[in-house]
Amino acid sequence: MHHITRARKEHGAKLVVVDPYRTKTAEIADVHLDPRPGTDGALACAVMHVLLREGFTDRDYLARHTDFSTALESHLASRTPEWAAEITGVKATRIEGFARMYGAAKRSWIRLGYGFSRSRNGAANVHAVSCLPAMTGAWQHKGGGATASLSGTFVVDMTLIEGLDAIDHTTRALDMSRLGAVLTGDASDLAGGPPVTAMLIQNTNPMAVAPDSGLVHAGFARDDLFVCVHEQFMTDTARMADIVLPATTFLEHDDVYTSYGHTFLQLGPKVIEPVGEARSNHEVLCGLATRLGARIRDSR
């Protein structure tokens, strides 16, 4: 909030929060738009409609740097604020007011959150909102545009920790976002290989978060599937495991943390020794590799 406060004081900037909830940030915003969950794409389309209708678009920028077309403009012609109001629950006058404010601010910047991407229409919502700075040409101005994550700022060599120099690229890699289809035997998702009959799961809870939960649950219910979960808590996935291995918390192992939102690389040294039989991810994988006969590759 430091940068927002400074921008308000020094440049008269406005803070707009788009969130279904009245968060603490929304409470101090100049404008709070509260669309129904999952309707951000409709809101963005209505904003683009107003930008086009009232001349806030940078058509030269669109022609030079985007694939904007007459077909898209025709599509947006019917996506009026009134149309969006029926879908989002946000009054048409408020949508128009925000669109004019956004269009008039040449150095507008959007901080894309994560919540609105995690819905059935998540990808389409993010795509629609990310089009807004292209419509106004905000990208060409210092400080303008949009940001989803700053994680790409951190160029960290992961070769040692992830064994990138020892990967056998002939081994198939399956899409974890398609875990339900994988575990229920979809041939295309199995990449032409045999069924998955064993899994070691770390750092995720697919029974709760993987897409198409019906298929995911059916897959985990298979009698011939062996599941080992390395966890700190008895999650939904851990409850389906044949073996649960205790994992260390962030207090029990050294770690390095990047960030989605800021530019600091952080060191998190352990505070206490591992409790009981808890082991870190790295220790478990190294122990498993040793038992499977892995050898250290001589890189000289």
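Quick note: structure is the one above.
Residue numbers here run from 1 along each chain, matching the order of that chain's written sequence. Local features in a predicted model are, by the rule used here, given only for residues with pLDDT of at least 70; side-chain atom pairs are given and counted only at 80 or more, and totals for whole chains, interfaces and linings are based on all residues. Think of the side-chain values as coming from all heavy atoms in the structure, minus any hydrogens and water.

> Which parts of the structure should I look at to understand the sheet that holds strand S6 (residues 226-231)?
The pairing of strands in a sheet happens through backbone hydrogen bonds and is either parallel or antiparallel. Strand pairing is assigned whenever DSSP identifies at least 2 bridges connecting the two strands. Counting from the N terminus, the helices are the DSSP runs of H or I reaching at least four residues and the strands are the DSSP runs of E reaching at least two. Pairing within the open sheet is parallel, and its 3 strands lie in the order S5-S6-S7. What marks the edges here is a single partner per strand, and that holds for strand S5 (198-202) and strand S7 (243-246). Averaged over all adjacent pairs, the angle separating strand axes in this sheet is 15°, with direction ignored. Relative to S6, S5 runs parallel, the two being bridged by 5 bridges. The residue bridging glutamine 202 from the neighbouring strand is histidine 230, located in S6. Contact criterion: two residues are considered in contact whenever any of their non-hydrogen atoms come within 4.5 Å of each other. Note on method: axes are straight lines fitted to C-alpha atoms, helices fitted across the in-contact stretch only, with angles between N-to-C directions ranging 0 to 180 degrees. Helix-sheet contacts for helix H14 (residues 281-291) involve S5, S6 and S7, and the interaxial angle to S5 is about 155°.

> Help me understand the packing of helix H3 (residues 40-53) against helix H6 (residues 81-88), please; the structure alone is not making it clear to me.
Two numbers describe a pair of packed helices, the interaxial angle and the distance between the axes. Two elements in contact, H3 and H6, have axes whose closest approach is 9 Å; the angle formed by their N-to-C orientations is 170°. In terms of axis orientation, H3 runs roughly antiparallel to H6. Viewed along their axes, H3 and H6 form a crossing whose handedness is left-handed. Of H6, the residues touching H3 (which contributes Ala42, Leu43, Cys45, Ala46, His49, Val50 and Arg53) are Pro81, Trp83, Ala84, Ile87 and Thr88. We call two directions roughly parallel when the angle between them is under 35 degrees, roughly antiparallel when it is over 145, roughly perpendicular when it lies between 65 and 115, and oblique otherwise. Left-handed describes a crossing whose near helix is turned anticlockwise from the far helix through less than a right angle; right-handed describes the clockwise counterpart.

> What exactly am I supposed to notice about the pattern of salt bridges here?
Two side chains bearing opposite charge may form a pair once their charged atoms approach each other closely. Every case where a carboxyl oxygen of Asp or Glu lies within 4 Å of a side-chain nitrogen of Lys or Arg is listed as a salt bridge. Going through the model one piece at a time under the given rule, you end up with 12 salt bridges. A salt bridge links arginine 94 to aspartate 34; the shortest N-O distance between them is 3.7 Å. Within this pair, whereas arginine 94 is found in helix H7 (residues 92-104), its partner aspartate 34 is found in the loop between strand S2 (31-33) and H3, the two being separated by 60 residues in sequence. By relative accessible area, arginine 94 is classed as partly exposed at 34%. Only protein chains enter the area calculation, which uses a 1.4 Å probe; residues under 20% of their type maximum are buried, those over 50% are exposed, and those in between are partly exposed. Taking relative accessible area as the criterion, aspartate 34 reaches 35% and is therefore assigned partly exposed.

> Help me out: how do you make sense of the packing of aromatic side chains in this one?
Here the distance between the centres and the angle between the planes together describe a pair of aromatic rings. Two rings belonging to Phe, Tyr or Trp (six-membered ring only in the last case) form a pair when the distance between their centres is within 6.5 Å. Interplanar angles under 30 degrees mark stacking, angles over 60 mark edge-to-face geometry, and anything in between is tilted. Applying the stated criterion to the full structure yields 2 aromatic pairs. On the numbers, 6.0 Å between centres and 40° between planes, the contact of phenylalanine 98 with tyrosine 102 is tilted. Here phenylalanine 98 and its partner tyrosine 102 are both found in helix H7, 4 residues apart, which amounts to about one turn of the helix. With respect to class, phenylalanine 98 is no different from tyrosine 102; both count as buried. When the ring of tyrosine 114 is compared with that of tyrosine 260, the centres are 5.2 Å apart and the planes differ by 50°; the resulting orientation is tilted. Of the two residues, tyrosine 114 is situated in the loop between strand S3 (109-111) and helix H8 (122-130) and tyrosine 260 in the loop between strand S8 (255-257) and strand S9 (266-268); the sequence distance between them amounts to 146 residues.

> Even after reading the chapter, I still don't get the packing of H3 against H8, so can you show me in this structure?
Look at H3 against H8: their axes get within 8 Å of each other, and the N-to-C directions meet at 25°. With respect to H8, the element H3 is oriented roughly parallel. When the axes of H3 and H8 are compared, the crossing they make is left-handed. Across the interface between the two elements, Asp40, Gly41, Ala44 and Met48 of H3 pack against Asn125, Ala128 and Val129 of H8. Amino acids outside the nonpolar list (Ala, Val, Leu, Ile, Met, Phe, Trp, Tyr, Cys, Pro) and the charged list (Asp, Glu, Lys, Arg) are all regarded as polar, and Gly is one of them. Residues belonging to the contact of H3 with H8 are distributed by class as follows: 4 nonpolar, 2 polar and 1 charged.

> Even after reading the chapter, I still don't get H6, so can you show me in this structure?
Owing to its 3.6 residues per turn, the α-helix aligns residues three or four sequence positions apart on the same side. Within H6, the full set of buried residues consists of Pro81, Ala84, Ala85 and Thr88. For H6, the angular spread of buried residues about the axis comes to 110°, placing them on one side. Summarising the contacts, the buried residues of H6 are in contact with H3 and H7. Among the residues trailing H6, glycine 89 stands out with phi positive, at a value near 85°. Directions from the helix axis toward the C-beta atoms define the arc.

> Any chance you could explain the environment of glutamate 82 here in plain terms?
Summarising the element assignment, glutamate 82 is placed in helix H6. Classification of glutamate 82 by relative accessible area gives partly exposed; the value is 45%. Other than its neighbours up to four places away in sequence, glutamate 82 contacts Ala92 and Glu96.

> Looking at this model, I keep getting lost on the side chain of threonine 57. Mind explaining?
Inspection of the secondary structure assignment puts threonine 57 in the loop between H3 and helix H4 (59-65). Apart from the residues lying within four places of it in its own chain, the contact partners of threonine 57 are Leu51, Leu52, Leu62 and Met135.

> Quick question: what am I supposed to make of the environment of threonine 204 here?
Within the secondary structure, threonine 204 is located in the loop between S5 and helix H12 (206-209). In this structure threonine 204 comes out as partly exposed when scored by relative accessible area, which is 22%. Between the C-alpha atom of threonine 204 and that of arginine 59, which follows or precedes it by 145 residues, the distance is 44 Å. In contact with threonine 204, not counting residues within four places along its chain, are Met176, Val209 and Glu231.

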